[in-house]
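Topology and contacts: notes
In case you want the letters, here they are:
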Amino acid sequence: MTETVRDQVRRPTRVVNTSVLRNDAREKLLGRTRYAGDFDVAGQLHARLVRSPVPSARIVAKDASAALAIPGVVAVLFGEDVPNNEIPTNTAGIKGRPLPPSWVLATDRVRYHGEPVALVVAANPRALAAGEAAVEVEYDLLPVVSDPERALEPDGPEVHEGGNLLSQWEIDRGDVDAAFADADVVVEGRYEAQVVDHAYLEPETGVGWLDDEGVINIRVSTQEIEHYRRIAHVVGLSDSKVRVQSPYLGGGFGGKEDMTVEPYIALAVQRTGRPVKMTWTRQESLTARAKRHPVRMSYRTAATADGQLLAHDIEVVSDAGAYPLLSGFVLLYITLNAAGPYRCDNVRVRSRAAYTNNTPGSAFRGFGGMQPVLGYEAQIDKVADATGQDRVEIRKRNAFTAGDRIPAGQRIETAVWLPQCIDAVLERIGPRPEPSSPDHRVGLGLACNVQPYGRVAWMNDSASAWVGCERNGDVVVRCGVPDVGGGQVSSLAQIAAEVLHVPMEKVTVHFGDSARTPLAGRTTATRQLYMSGNAVLAAARALRAQLVEGVGRGSGHATAALTLAEGGVITPDGVVPLAEVVMMCLANGVAINAMETYFAPTAPPVAQRVDAERIVPDFTFGAHAAYVEVDTRTGEVRPLRYVAAHDVGRAINPASVRGQIEGAVVQGIGYALSERIVYDEGVNLTGAFYQYAIPTAADCPEIEAVVLESGEGVGPFNARGIGEPPIGPCAATLASAVEDAVGARPTTLPMLAERVRSCIDEGTRS
Amino acid sequence: MSDVLTTMAYERARSVPEALVLLAEGGEDARPISGGQSLVPMMNLGLAAPAFLVDVSAVPGLRTITVEGEHLVIGAAVTHAELTSDPLVAEHAPLLAHAARHIGSQRIRNRGTIGGSVAHGDAAAELPVSCHALEADYRIESATGAELRAAGPFSQGYYQTDLAPGELVTAIRVPLRPGHGWGFQEYSRRAGDFALASAAVGVRLEGERIGEVAIAVTGAADRPIRLGELERSLTGQGVASAVRSVAGLAAELTVADDPYCAGADRGRLIEVMVERAVRDACADVRKGRP
């Protein structure tokens with residue numbers, strides 16, 4: 001793969017902005033990294049959930065006696081046995097209406113297929129399986145609602161009392177009706193995206209034990225160690241009596257943002273006093289863990305005759321599934337991003353999320369920034385076609401620039417390198433390949449996106465980091481980040497190494513421990529480099545000043561005459577090696593460590609009508625281009641070559657950035673072409689990977705990641721977040737390429753062969 | 001879940017007679033295993049829980065490929081990878097080599113065997129449908145004797161074959177058909193998946209006309225089927241006209257819906273696969289001409 005780094009604003013750095021070997025790479029490559037499931041504790045029990053086999057029912061009877069009679073079965077817990085069975089939920093709902101409770105274990109009603117009903121604890125896997133099968137639960141079936149629009153009808157079967165509307169948001173910017181009345185062209189479209197699964201390799205897994213201080217310890221695969229508070233609530237303990245550690249994750253993608261195994265492990269440890277391990281099967285994960293929201297989106301877009309966007313009128317219905325989880329926030333992100341990275345002064349968005357008896361929807365890489373790309377990129381192509389404008393030029397012309405306001409009101413404060421991203425992908429995509437047979441057509445697609453990074457402003461987000469020196473000159477970072485595989489920890493080491501002028505291998509990072517590393521928040525929302533990177537940067541800079549101060553006090557030189565550089569502190573008398581610097585600090589009352597907390601900009605919560613100066617910290621922009629080949633007879637779409645460019649402000653580790661982009665493109669190709677969860681009236685039929693079509697290496701094209709660096713971003717060294725943004729444009733890019741190839745554009749995901757073929761047939765007929 | 005409950009006995013047979021004795025002793029609870037590429041996934045999914053596995057992958061006589069009289073005889077433990085590279089298969093049964101290239105991934109082709117594939121009876125698998133088009137038969141042995149069973153009726157439905165406990169597929173016999181051309185086409189959602197539709201076609205030309213044609217497909221039913229009516233209608237036609245005559249096949253097929261693909265869509269895919277496989281088979285004949 002070609003490396004293309006266009007660095008416009010480069011202050012010289014030594015470690016940052018270079019593709020250093022990540023500090024997790026060697027162990028992972030050698031297969032020696034120990035993931036959460038690789039840890040066992042002597043004497044551990046095993047736990048497993050009894051899950052509802054039906055999507056909607058009243059529980060009329062529960063009986064654990066047969067299970068408890070099985071040798072080796074230690075305990076069976078129902079919801080009634082949980083100290084606080086209601087899980088605290090803080091998603092954005094509807095003003096004035098409390099969110100319905102979510103349960104650790106359903107007590108008298110189940111609302112989706114796979115909902116946990118009982119927890120079985122046993123001495124060995126055999127007894128566990130027998131115990132699970134022997135727990136008797138009697139269900140009285142209730143009506144199922146699996147279509148969100150049906151759920152929102154007045155007579156739709158109620159999933160929760162009080163109606164099925166979970167959340168709604170509105171944007172009303174400018175005068176939309178007047179803009180449509182004055183418009184030269186109006187284009188319309190309906191777009192639909194499906195349910196997909198995170199499909200990480202590492203399943204939900206963890207082991208818990210009680211320590212000598214009475215603290216429940218849980219070592220678990222999670223994106224958020226700060227769930228310890230929720231876990232403590234569930235088991236009725238004080239917050240400080242639960243500790244969560246996250247070793248390196250084998251993938252998260254949002255699927256481990258909500259709790260998975262944690263409360264069950266804690267309950268089992270509390271009940272038995274013994275260590276307990278729980279690992280979900282792939283079938284459990286596919287069937288019952290939260291998914292990406294399927295959406296239906298209607299767009300009407302108005303423009304002038306020369307292709308200037310005048311107005312959008314957008315309606316979105318999102319299927320939240322059976323419980324709130326993060327659906328309100330995901331819907332907010334859909335709403336914020338509905339009009340894309342383009343200036344538009346008149347925007348109306350009406351978005352609603354509905355409860356159904358499907359698997360709950362929640363966080364997934366892209367987090368609502370993803371779904372609308374399918375809509376707004378198709379709309380701008382339609383405007384281009386209707387006005388005779390070039391699809392490239394119309395994007396450049398309408399693209400935001402720094403200082404513009406997004407339709408939700410926030411002003412964009414950093415550079416918008418959308419035109420540069422477009423130029424980069426079109427330059428790199430290369431000549432159009434020849435079709436492989438007379439039945440095949442080749443097309444070129446282009447799509448752009450915008451994705452916020454960092455959490456919404458009223459989360460009052462912060463991240464803390466501790467940086468210190470050992471007496472031999474080693475540098476230690478303590479920071480409570482979970483590392484989901486994106487290089488979160490390694491980037492922190494790079495930042496500390498850069499500021500303190502030591503080589504990477506001299507930096508050790510202790511991470512992901514709610515008891516022993518300063519809390520740094522969840523690894524979600526593309527926030528971790530931004531937040532914890534800024535915290536480590538501040539702490540390392542503070543420590544650097546202290547080290548210089550210590551040498552100043554010890555040597556009598558003014559600190560202005562001293563510089564920390566490679567090898568130690570440079571003084572007029574020569575270089576003081578770092579190990580001696582440390583001793584000079586200690587001898588002169590200067591601390592050899594520093595802790596700093598980085599605070600994201602905050603603002604009050606937005607109202608249901610979203611119009612605010614501050615909603616998110618900042619944005620990342622990108623453009624993708626791809627060639628696809630379409631088999632016009634079968635409708636099969638095969639990506640041939642793919643180029644993705646994002647402005648990351650400044651890349652801390654360009655190789656890691658390219659890895660994020662490549663991985664996101666593969667995941668986005670799966671979303672575009674093949675991945676989906678299939679339901680039959682709320683029953684999830686997709687319980688194994690042979691049914692869930694993740695692209696294989698053989699299905700993926702050559703992918704080139706282009707890393708652009710505007711030098712503007714609110715992360716450390718002006719970095720922007722890149723974890724989520726590159727998944728956004730993939731489906732729209734491939735839809736646009738299919739349209740270029742065959743003259744008809746798929747609007748429903750995934751673009752299965754038969755759908756594309758129908759689309760071609762309709763295009764031919766019309 | 002049976003995955004954690006399964007414990008089983010395992011024996012590695014050194015010869016066919018030893019394997020047959022072990023299978024006879026094991027009765028209903030015994031299953032032969034070779035590459036394990038079908039049985040082990042079934043066990044992982046909890047759909048099979050054999051108490052006794054008889055490993056036949058090391059039996060030397062099951063790994064050979066020979067020409068015996070009018071047949072190419074392929075040992076049941078020959079792997080898919082070997083089918084794709086063996087010169088005798090390339091010469092006498094190239095359809096099997098074409099088909100085997102579509103099976104799974106290279107790792108699966110390195111382990112999976114032809115005998116395992118036909119005995120497993122997946123309705124979408126590449127080798128049973130190819131054997132049906134080739135009019136191959138299978139040598140079935142048990143502790144009480146040996147017999148030949150034709151490939152077509154051997155497939156009896158989803159994962160159902162004419163194979164009783166204690167019986168072992170030991171060889172696949174493919175009639176030699178000099179002068180025939182062969183084509184294999186399939187559509188799957190992604191590389192290595194079982195096909196939604198596939199077609200295995202053999203053609204003998206008389207001059208520029210089709211003298212004889214065999215068309216077997218998957219995706220249309222619960223087992224691979226021959227399209228006898230289409231075979232008869234194509235016979236005697238010129239090549240170009242025969243390829244065109246496949247159009248309309250979808251309307252003749254009644255394919256059941258499943259949650260992942262509507263029956264009508266599968267029918268259309270089958271039609272395209274058959275058309276392309278007929279075209280390829282005719283081109284294959286012409287390529288073989290001096």
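Everything numeric in this text was worked out from a predicted model, so none of it was measured. (Residues numbered from 1 in each chain as written. Chains lettered and ligands numbered in written order. Predicted model: local features only at pLDDT ≥ 70, side-chain atom pairs only at ≥ 80, totals over all residues.)

1. Considering the domain arrangement of chain A
All names here are of chain A. Each assigned domain of chain A is listed here: domain 1 (37-142 + 204-279), domain 2 (295-456 + 605-765) and domain 3 (462-599). Taken together, the contact between domain 2 and domain 3 spans 18 residues of the former and 16 residues of the latter. Looking at the side of domain 2 that touches domain 3 residue by residue, the class counts come to 9 nonpolar, 7 polar and 2 charged. (Domains from an automatic or database assignment. Contact = placed C-beta atoms within 7 Å. Nonpolar A, V, L, I, M, F, W, Y, C, P; charged D, E, K, R; others polar.)

2. Things to note about the sheet that holds strand β2 (residues 30-33) of chain B
Strands in a sheet are paired, the pairing made by backbone hydrogen bonds, and the direction either parallel or antiparallel. Residues and elements named next belong to chain B. In space, the 3 strands of this open sheet follow the order β1-β3-β2, with parallel pairing throughout. The open sheet terminates on both sides in strands that have one partner only, identified here as β1 (9-12) and β2. Within the sheet, the average angular offset between the axes of one strand and its neighbour, ignoring direction, is 25°. The pairing of β2 with strand β3 (residues 52-55) spans 4 bridges and is classified as parallel. Among the inter-strand pairings, proline 32 is bridged to a residue of β3, identified as valine 54. (Pairing = 2+ DSSP bridges. Helix = DSSP H or I, 4+ residues; strand = E, 2+ residues; numbered from the N terminus. Axes fitted to C-alpha atoms, helices over the stretch in contact; angles between N-to-C directions.)

3. Structural notes on the sheet that holds strand β13 (residues 216-220) of chain A
Residue and element names in this part refer to chain A. Within the open sheet, the 7 strands sit side by side as β4-β8-β2-β15-β12-β13-β14. Their pairing is mixed. Either end of the sheet is taken by a strand with one partner, and the two such strands are β4 (73-78) and β14 (242-245). Ignoring which end each strand starts from, the neighbouring axes of this sheet average 20° apart. Sheet topology note: the β4/strand β8 (residues 116-122) ladder contains 5 bridges and is antiparallel.

4. Things to note about the packing of helix α13 (residues 488-500) of chain A against helix α14 (residues 528-555) of chain A
Residue and element names in this part refer to chain A. Close contact between α13 and α14 brings their axes to 9 Å; oriented N to C, the two are set at 25°. Judged by the angle between their axes, α13 and α14 are roughly parallel. Between α13 and α14 lies a crossing of right-handed hand. Contact residues: Gln488, Ser491, Leu492, Ile495, Ala496, Val499 and Leu500 in α13; Gln528, Leu529, Ser532, Gly533, Val536, Leu537, Ala540, Arg541, Leu543 and Arg544 in α14. Here the residues of the contact of α13 with α14 are counted per class, giving 10 nonpolar, 5 polar and 2 charged. (Parallel < 35°, antiparallel > 145°, perpendicular 65-115°, else oblique. Left-handed = near helix turned anticlockwise from the far one by under 90°.)

5. Concerning the interface of chain A and chain B
If you look at the interface, chain A gives 19 residues, while chain B gives 17 residues. Mapped by element, the contributors of at least two residues to the side of chain A that touches chain B are α3 (125-134) and α18 (753-765) of chain A. Tallying contributions element by element places α3 of chain A first for the side of chain A that touches chain B, with 3 residues.

6. Observations regarding unusual backbone geometry
All names here are of chain A. For the bond from leucine 749 to proline 750, the omega torsion is -10°, close enough to zero to count as cis. With respect to the element layout, proline 750 can be found in the loop between α17 (730-742) and α18. Here alanine 199, not a glycine, exhibits a phi torsion of approximately 55°, which is positive. Positioned with a positive phi, threonine 526 is a non-glycine residue whose angle comes to about 50°. Relative to the helices and strands, threonine 526 is located in the loop between β22 (507-511) and α14.

7. Considerations on the environment of glutamate 126 of chain B
All names here are of chain B. By secondary structure assignment, the location of glutamate 126 is in helix α9 (residues 126-134). C-alpha of glutamate 126 to C-alpha of glycine 75: the two residues are 51 residues apart in sequence and 17 Å apart in space. The residues contacting glutamate 126, other than those within four sequence positions of it, are Ala99, Ala100, His102, Ile103, Glu186 and Ser198.

8. Remarks on the nonpolar core
Soluble, globular proteins show a tendency: their nonpolar side chains are buried together. Formed by 279 residues in total, the largest nonpolar core has its most connected members in Ala496, Val536 and Leu734 of chain A together with Val201 of chain B. The biggest single contributor to this core is α14 of chain A, with 13 residues. Apart from residues no more than four positions distant in its own chain, valine 201 of chain B is found in contact with Ala133, Trp182, Gly183, Val213, Ala214, Ile215, Val274, Ala277, Val278 and Ala281 of chain B. Ranked by size, the runner-up nonpolar core spans 55 residues in total, among them Ala47, Phe78, Val261 and Leu267 of chain A. (Core = buried A, V, L, I, M, F, W, Y, C linked by C-beta atoms within 7 Å. Buried ≥ 20, exposed ≤ 12 C-beta atoms within 10 Å, placed from the backbone.)

9. A short note on helix α11 (residues 391-398) of chain A
All names here are of chain A. Residues of α11 that are buried include every one of Arg391, Ile394, Arg395 and Asn398, and no others. Looking straight down α11, one finds that the buried residues subtend no more than 100° of arc, so they occupy a single side. As for α11, its buried residues are in contact with β17 (309-321), α10 (371-387), α12 (418-429) and β19 (440-453). (Arc of directions from axis to C-beta.)

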